[in-house]
Structure formats: structure tokens, C-alpha cells
Amino acid sequence: MMTLCVVAAGIGLAWLALILGALLYKGLAGLSLSVFTGMTPPPGEAGGLLNAIFGSVVMTVIAVIVGTPIGVLAGTYMAEYGRFSKLTTVVRFINDILLSAPSIVIGLFVYELMVRPMGHFSALAGAVALAILVIPVVVRTTEDMLNLVPNALREAGTAIGAPRWVVIKSVAYRAALSGIVTGILLAIARISGETAPLLFTALNNQFWSSNLNAPMASLPVTIFQFALSPYEEWQQLAWTGALVITLTVLALSIVARSLTGRRENG
Amino acid sequence: MRHFIRSAVVAIAMATASTLTVSAAMAADLSGAGSTFIYPVFAKWADTYKKDTGVGLNYQSIGSGGGIKQVIAKTVTFGATDKPMSDADLEKNGLVQFPMVMGGIVPIVNLTGIKPGELVLDGKTIAGIYMGTITSWDDAAIKALNPGLTLPSTAIAVVHRSDGSGTTFNFTDYLSKLSPDWKDKVGSDTAVEWPVGVGAKGSEGVANTVKQTDGGIGYVEYAYATQNKLSYSKMLNAAGKVVAPSLESFDAAASNADFQDAKNFNVIITNEPGDTTWPIAASTWVLIHKAPEDAAATGEALKFFAWAYKDGKETAKKLDYVSIPDNVVDLIKTSWKADIQADGKPVYTGK
Amino acid sequence: MSAAQEALPAVRSSREATVKRFAFTDAVFHALTRAAAILVLVLLGGVAVSLFAGSWQALSTFGFSFLTSESWNPVTEKFGALAPIYGTIVTSAIAIVIAVPIGIGIAIFLTELCPRPLRRPIGMAVELLAGIPSIIYGIWGLFVFAPFLQTTVQPFVIGIFHGVPGLNSLFAGPPYGIGLLTSSLILAIMVLPFITSITKDVFDTVPAVLKESAYGIGCTTWEVTRHVVIPYTRIGIMGGVMLGLGRALGETMAVTFVIGNAHRISVSLFAPATTISATIANEFTEAVGDLYTSSLVALGLILFVITFLILAIARYMLMRIDARTGA
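Residues numbered from 1 in each chain as written. Chains lettered and ligands numbered in written order. Predicted model: local features only at pLDDT ≥ 70, side-chain atom pairs only at ≥ 80, totals over all residues. Heavy atoms only, no water.

With respect to the overall build of chain B
When you go through chain B residue by residue, the secondary structure sums to 14 helices and 14 strands. Dimensions of chain B, computed from C-alpha atoms along their principal axes, come out at roughly 70 × 70 × 35 Å. The 351 residues of chain B split such that 60% are buried. At a minimum sequence separation of 6, the contacts of chain B that also span at least 24 residues come to 74%. The distance from the centre of the 32 positive side-chain charges to the centre of the 36 negative ones in chain B is 6 Å. (Helix = DSSP H or I, 4+ residues; strand = E, 2+ residues; numbered from the N terminus. Buried < 20%, exposed > 50% of the residue type's maximum accessible area, 1.4 Å probe, protein only. Contact = heavy atoms within 4.5 Å. Lys, Arg positive; Asp, Glu negative; His and termini not counted. Charge placed at Lys NZ, Arg CZ, Asp CG, Glu CD.)

Written out as C-alpha cells, the structure is:
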């Protein structure tokens, strides 16, 4: 039976190797400094992805800043204050549905909510759409991880007179930190490649723009447009962009892991 | 170390935040959205135009349907579509439309032993293939068109677009014109209920699937055929002549199209007359409001279009597009002056 | 009166103040978390309302036949959702059936078997699978994986099952590379890291005491995993599977590239098919007619309902397990 587990791990790693291999093979060829300094070019010219990378970073950061606290707090309510309340049961159910909502549907929702009333596409709308995608992932993992914190720990905290929120903050969060961070990373990983919700919110931008109130470029939309084009330079940039996203997510995981500490080796 | 990473992160965050602004979209920043077909040439034009004039025009390919919806919702200055809007819809939404650029759609095949351009097909036969009534490459109908070729008995593997597309609209429009059977049973639209075959994502996907599948046939824009070095077929046109796909034969289709008498430039340039005309040509229309709220932005956009008609020809050609013939451009500019007005004055002030 | 007795009320009042302050901050924090939980409800409510409003035209035009019709014809504007519903359920089911055992297997391998120095890199590598943007899976699927299946695996499988009744229609040709099975496989790969990393994290929370006592009475690694670790973490694993299932049901970009978007229900796993999200992504941007657009939004609404049903069934099953084991 345990050999099967080894086989399973082998299969998982083999898939990864296959995809990463293809990604490295196609992406590395175009990786150069100009990718990070040039703007997205018109067909047939050399250029880079600077505006798209910048836009993706900005929108992802805003989405995480907005979405993570909401997700963590909601998850906290469900696991700590309202573990047995009706509200928790309902929210848990609703949250699972949000998890599987096709991202394009979220995009359409934010389109009706922000883009139509404002009268133009904007980076802000894109960030909100991404934030809505972040929330359910974070809620789910936060709740699950807090639920796994043994009650004895909480009781010990309460016994020395700490109020509930201090127990949550200093005991429960600390014990569940690694899991919550995993959830946030999964959420970032998910939104870093999302094309559909951005298409109808942030649109995209051929040029440099740092105006949150105007269309902004993003890596996934750029990759999508370039990958299916007939022009070689664009296809090359698409693969390189994909490699950049993947490596960034990897780097982020490593940094986050080293910041939150060592529970891994346990 | 931790401390260092943390302060580095903070520093980067602050540097990023300081460059961000929240300001009203400026008139100099024009936006357009729609057709995927026109996207590459718009991107190239916009890049050159910005270098020359400093005016940035951000066009994004969100699909023709998206372009129509966005221009109606006034979230963009203009939309672009591969399928013309009907007169009634234009009237209802207060829009004008005019063609911006043209191109050709090419059947591609994968047949061992047949070189690019050797095979000849016509509309009826392609309709038969896509209906599923012609199933093998040595069918009598194909043989009759290609007396000099030895055709294999390979089964025909039909490939079409899986996503909605203006290319599909023009291709099925052509088949509908040539085959009453197709018109009755399938019809023409950006996506149709395909009787047979497999759908591939995007023209690049179609090209790739045909390349992989022995006996495959598909249809792509000309640029995909040349860039992918695919085996294309020649076509029998409306005049009964065999033509090869080329910018010249697409240009012939554009020149022979009768825009003069068509209301709202609503001419689909498939199966046009002329000895040298390529039968499956396509155009992309721009949609813009007749009475724009932001007249300045619309004026800038029209200036850009005028520039593109005149100075963007070489660029278009390099990317395998056909420019709008000069006589049609004159018609378009007349319509701008007559129809697009703000405060009782035409928005377009150029020649 | 001694000095100590005099100080007592002061101590008491300062203690009271502290308790009050604690109670106040606690109430604030409580309210804050509750508000966040309610916001999640409001969000979904908003999405649901906008979906419902958008799909009203299609639902009122087609009524119940929207669910039972297989026809999807933009030219005649006759739309039915049966084929995408079928495709969504089948692809997600196959993906989960493949990914859950492999995902749990990897998690067991990482927590119980793997040599310590290798744990972190391998765990990281699997999480990296989640970090690859879905569009890359799509492009990779279309340009690398599908051609591979088309030229090697599919002809082979079709050949094997050619004469076997039942199976021969399940694996019927022609091999196009793209289709139902290809999408399911891609989905399985995408879902895998979700299941693995969540499962691994919950496995890590099993108190060492529990495992050690089981080892102490002579259990093998497998027995410990089977009878201690998995039961202890069952809910957490279920959460991971739900996350994975959620992603499989709603995954748009990757599936869009490799499913073929055919509104037909065919028995063969090699045939092109479509899913709800793939149909929306493939056709929404080019759809012009109001009824067409509305039908696509109605598909989104149906996906909500399907998710709702699947989750309800999962919860019910979980409750029954709990009742049986008396936990």
C-alpha cells in the first residue's frame, strides 16, 4: 500500500516535470533583461512585458490586501465565535459555491457593479474581481486550519485570563499560521493566472499606465492575446510571460515559507 | 535576514504605491475594444501613432460581441466587430459603422503528397465536407475539381473553431451563399451548430490541429497560414476562375465590393465578382457613437482612423491585411461629417 | 484600616476596567469577524442576483426545456444546456477520481515516508503545480499534451478495446487529441496540488501522541495512516477535495483550450464535448444577440445550482459517516 503512495508521488512529480520542462524549454529562449524593461510590443517588433508585469503586481497586491483580511476574519468567525451557529453553516455552504464559480462570472458581476456605473474599465475593478476570487479560498483554509487547532490550547489561554480575541490572535492564529499562509498562497497562485475576470474589468493596456482609474495591462490577458496570435515574437513573449508568473509564484512560496517558519520539517 | 526581507518588501511596496495614481481617464487616452482579427494591426498602428503624435490609443481584443456591448454601454470610445450590425440595431443604439481593414480566410489542409496550393476547392465542396456529406479525399466532387492530382482515400477530418469568431461568421456566410443546403440546415453566425468535426481554440489551435491530423481540413486567417507554413488550397471563385490566396486577390475582393450603394457599409465581402477575386474575404468594422458624450475623444479617434487609412497602409500589408480602397475611404469620411456630430457641428474636422 | 485594605477597591476597579476593556475589544473583534462572514454571503447574493437577472430572458423563453435540450444553435437561437451540464459533471468526476487517490498518496508519502531532507523540495514542487497559471495548462494541453495523446495513447487504447463490447464505444475514435478525457486529465493535474497541499497540512496537525501510541501497539505505517491519521483529518481532507472539486467545476481557461466545445453528448471519452464554463468562455465574447448572451449567463446560473447540489450531497454523506462512527 505504501508503495502506491510512492508511485503517486512519482506521478505527481512527473506531471510537474513535464509541464515545467515545456515551460522552461519554450520560455527560457525569450528570457532576457528586455522582458523586464520593455513595454508590450506591436507584432513584428522586439519588446518586453514591463507594463503587464507591473499591472499584474499592482492588481494582485490590492486584491490580496483587500481579500485576505476579509477571508481570514470570516474564517475566524466560522471556526471560533460561531462554530455552531446557523450563520456558519450557511456561510460555509455559500463559500464553497463561490469557490467553484467560474471566474468569468465573477468578472461579469464586477463589470455590472463597477465598470458600468463608472463608465470605463479600470485597474481598480480588476483588483476587486481578483479580491472576490481570493476570499473563498482564504475563508475555506482559515476555517479548516483553525478547526484543527486543539481546544486544549485555547482552554489554556482562557485559563490564564486572556480574553477570547487574544486567545485567537496569540494562540489559534499562531498554531494555524502555516495553513493559513498556504491558503493565501493558493489564492495568489489562483489569481495570478486569471484571464477571464480581468478581461471585462481591467481590460488590458498596450501602453504603460499606473492610473488605477484606467485600463491596466496584466500578464495573463497579455499571454492569452499573444499565445494565440500568428506572430512568432508574440508567441515567444507569451511563453516567457508564463515562465515569469510561475517562477514568481515559486519565489513567493519560498519567501513566505521562510518568513512563517519551520513547521514544514515536522 | 528576515528583517532584511521585510524591509525590502516594504520598500518595494512603497515605491510601487508612489507611482500609482487615481485620476479621471484623460481624453488623450482613447480606448477601443472588440474584434480579435483586427487586434495585431491596431496594436502596430497605435504604437506608431503614439510615437508620432503622443496620443495613446489602447485597443483590446475582447471579441466582436464584447466590442458591440462595450460601445453600447459607452465604456469605450469605439468598438470593432467582424460581423456588421444591422441598420435597425445601429439606429436603435445611435451608432455609425464603417470598415477599417480587410483580410482573407484560407482553407488549410493536411494531405500527404499534396503540396501547398496544389489542391483546388470550391464553396459547394467545402460546404459538403463541413456538412459531412463528403467524407473522403477521393470523393468524386473533389476529383472533378482536381483532375491532375492523385488523391488519397484518407478520411476527411473536419476542424472548425471552438470559440465564437468573426472568422467563422465570414466562413459560414460564404458557405451559406454557395450552398442552399448549408443555409437551411446550419446558417451563418460567429458560432454555429456544426454537423461534423472537432472544434479547436483560436485560429492557432485550428492550424495546430490540422497540422497534427492526417486528412485534416480547417480555415484560418491568411496570416496564420503563412506564419505556420501550412498547406493551403486554391479556390474556385464566383467568376469560375481558380485563384490562389494572396494580398492581391483579397484586394480584388475589397475593390469589387459595392460599398457605394450599401447602407451603413453593410457589405460582407464573400463571393464577390471579379476574375482575380479571392472568394472568402472578410472585413472589420468600427462602431462609434453618432452623438458622442466625449466629443474630444471621438474626434481624436477619428483623426487616428484617418491617419491609419492614409499612413497605415504599409503596416497593414506587412501584417497580411488589406487596406480599405481610397474611394471607400472618401465615402467613409463623408459619412463621418454627415453623421457624427456634437453641438450641431461635425466632430471630424480633417479633410 | 490598613493601607492594604484601602488599596483593595482601587485594585478591584482597575481589574473591572480591564475586564470591561477586554470585553469591549472582544465584542469589536467578534462583530468584525461576523461582518466579514456576512460579507461573504452578500457577495454570493450579489453574484447570484446579477446571474439571475442576466439569465431571465433565456429562462423565460425556453423554460424547462433549457435543461433537457441538447441543441445549441446560435443561428436559430435555440439553446439547451444538456450537453454542457453533462460535460461539466463527467470531466469533474473523472478528474476527482484520478486526483484524490494520487493527492492523498503524495501527502502520505510526504508526511510519513519521504526522507526528511527531500520533504520540503518535493512539497514545494507539488505546490508549484498550483502556481502555474491555468492558461498555461491550456496552452500546454493544446500544443503539447493533446498531440501526444493523439499520436500515441489514443490509437493504442482504441486498438485494445476495439473488440470489447461496452468499452469499445467508451473509447471510440477518431483520435483528435482534444476532448472529454484530455480535459479530465488536465483538470486532474490542476486539482492535484490543492488536494495535496491541504491534505499534507492537515496531516501535519495530527498530534504525534496519537500516532506514537498506535505505533507503540505495533501498527504498521499503513495501519497508522489508515486508522489514525485519515480518520482524524477526515474533515480537513474533505475540505481539500471540495477545494479541488470547486476548481474542477469552475475551471475556465484550461478546459476551454482542450475540450473542443462540441454541444453533443457522446459516449466516447475521446469525443469532443463541452463544459459550462468552457462554453461561456468560448462564446461569451463573440455572442451578439441578447438571447444568446442571456443563455450563456443562464449556464452560469446552472453551474451554481449544480455546485449547490453536489455540496449538499457531500455534506449529507459526511453527516452519515459521522452518525455511523458516532464521532
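Structural notes on the overall build of chain C
Helix and strand counts for chain C stand at 12 helices and two strands. Shown N-terminal to C-terminal, the secondary structure of chain C runs as helices and strands in the order α-α-β-β-α-α-α-α-α-α-α-α-α-α. Against the globule reference of 20 Å for 327 residues, chain C gives a C-alpha radius of gyration of 26 Å, more extended than a compact globule. Expressed as lengths along the three principal axes of its C-alpha atoms, the size of chain C is roughly 100 × 55 × 40 Å. Taking all 327 residues of chain C together, 55% fall into the buried category. A sequence separation of at least 24 residues applies to 73% of the contacts in chain C between residues at least 6 apart. Counting every atom, chain C has about 13,300 Å² of accessible surface; 71% of that belongs to carbon and sulfur. Here chain C contributes 18 positively and 16 negatively charged side chains, and the mean placements of these two sets differ by 8 Å. (Rg over C-alpha atoms; globule rule 2.2 N^0.38 Å. Areas by Shrake-Rupley, 256 points an atom, 1.4 Å probe, with all protein chains shown as cover.)

Section: the interface of chain A and chain C
Tallying the contact residues gives 86 residues for chain A and 82 residues for chain C. Taken together, both faces of the contact between chain A and chain C bury some 8,000 Å²; the carbon and sulfur share is 81%. When the buried surface of chain A facing chain C is broken down by residue, Met2(A), Ile19(A) and Phe93(A) rank first, second and third, together holding 8% of it. If you look at where chain A meets chain C, you find zero salt bridges. (Buried area = accessible area lost by both parts, 1.4 Å probe. Salt bridge = Lys/Arg side-chain N within 4 Å of Asp/Glu carboxyl O.)

Topic: the layout of surface pockets
Of the pockets and cavities examined, the second largest pocket occupies roughly 850 Å³. Surrounding the second largest pocket, 31 residues form its lining, Lys69(B), Val288(C), Gly289(C), Asp290(C) and Thr293(C) being those nearest its centre. For the lining of the second largest pocket, the secondary structure elements donating two or more residues are helix 5 (103-118) of chain A, helix 3 (64-73) and helix 4 (87-93) of chain B together with helix 1 (3-62) and helix 12 (290-325) of chain C. With six residues, the top contributor of residues to the lining of the second largest pocket is helix 5 of chain A. (1 Å grid on protein atoms, 1.4 Å probe; cavity = no way out; pocket = protein on both sides within 12 Å on 5 of 7 lines; lining within 4 Å. Points joined across faces, edges and corners; volume = space filled by probe spheres on them.)

Digging into the interface of chain C and chain B
On the side of chain B, 36 residues touch chain C, which itself brings 28 residues to the contact. Of all residues in chain C, Val75(C), Tyr176(C) and Glu286(C) bury the most surface against chain B, accounting for 26% of the area lost on that side. Seen at the junction of chain C and chain B, the total is zero salt bridges. Viewed at the interface, chain B and chain C are joined by nine residue pairs in polar contact (both at pLDDT 80 or more). Only strand 1 (72-73), helix 5 (134-160), helix 10 (253-258), helix 11 (276-283) and helix 12 of chain C provide two or more residues apiece to the side of chain C that touches chain B. Class assignment of the residues belonging to the side of chain C that touches chain B gives a composition of 15 nonpolar, 10 polar and three charged. (Polar contact = N/O pair within 3.5 Å; in protein donor to acceptor, adjacent residues only side chain to side chain. Nonpolar A, V, L, I, M, F, W, Y, C, P; charged D, E, K, R; others polar.)

Describing the nonpolar core
Formed by 318 residues in total, the largest nonpolar core has its most connected members in Phe42(B), Trp45(B), Phe98(B), Met100(B), Tyr130(B), Phe305(B) and Trp336(B). Of the domains in this structure, domain 1 (1-61) and domain 2 (63-326) of chain C are the two that each give at least three residues to this core. (Core = buried A, V, L, I, M, F, W, Y, C linked by side-chain atoms within 4.5 Å. Domains from an automatic or database assignment.)

Remarks on helix 10 (residues 219-227) of chain A
Among the nine residues of helix 10 of chain A, nine are classified as buried, and the element is accordingly described as predominantly covered. Every buried residue of helix 10 of chain A is accounted for by Leu219(A), Pro220(A), Val221(A), Thr222(A), Ile223(A), Phe224(A), Gln225(A), Phe226(A) and Ala227(A).

Topic: the packing of aromatic side chains
Residue and element names in this part refer to chain B. Applying the stated rule across the entire model yields 44 aromatic pairs over all chains. Pairing Phe-171 with Tyr-219 gives two aromatic rings, centres 4.1 Å apart and planes at 10°, and the pair type is stacked. Taken together, the residues Phe-171 in helix 7 (residues 166-178) and Tyr-219 in strand 8 (residues 216-221) connect sequence positions 48 residues apart. For the pair formed by Phe-171 and Tyr-219, the shared burial category is buried. Residues Tyr-222 and Phe-250 carry aromatic rings whose centres are separated by 5.0 Å and whose planes lie at 85° to one another, so their mutual orientation is edge-to-face. Of the two residues, Tyr-222 sits in helix 10 (residues 222-227) while Phe-250 sits in helix 11 (residues 247-256), which places them 28 residues apart along the sequence. (Phe/Tyr/Trp six-rings, centres within 6.5 Å; stacked < 30°, edge-to-face > 60°.)

Quick notes on the domain arrangement of chain C
Residues and elements named next belong to chain C. As assigned here, chain C comprises domain 1 (1-61) and domain 2 (63-326). Put simply, the middle of domain 1 and the middle of domain 2, counted by C-alpha atoms, are 37 Å apart. Domain 1 puts 13 residues into the contact, and the matching count from domain 2 is 11 residues. A buried area of about 970 Å², summed over both sides, lies between domain 1 and domain 2, and 75% of it is on carbon and sulfur atoms. Our enumeration of links across domain 1 and domain 2 arrives at zero salt bridges. Counting the contacts that link domain 1 with domain 2 gives three residue pairs in polar contact (both at pLDDT 80 or more).

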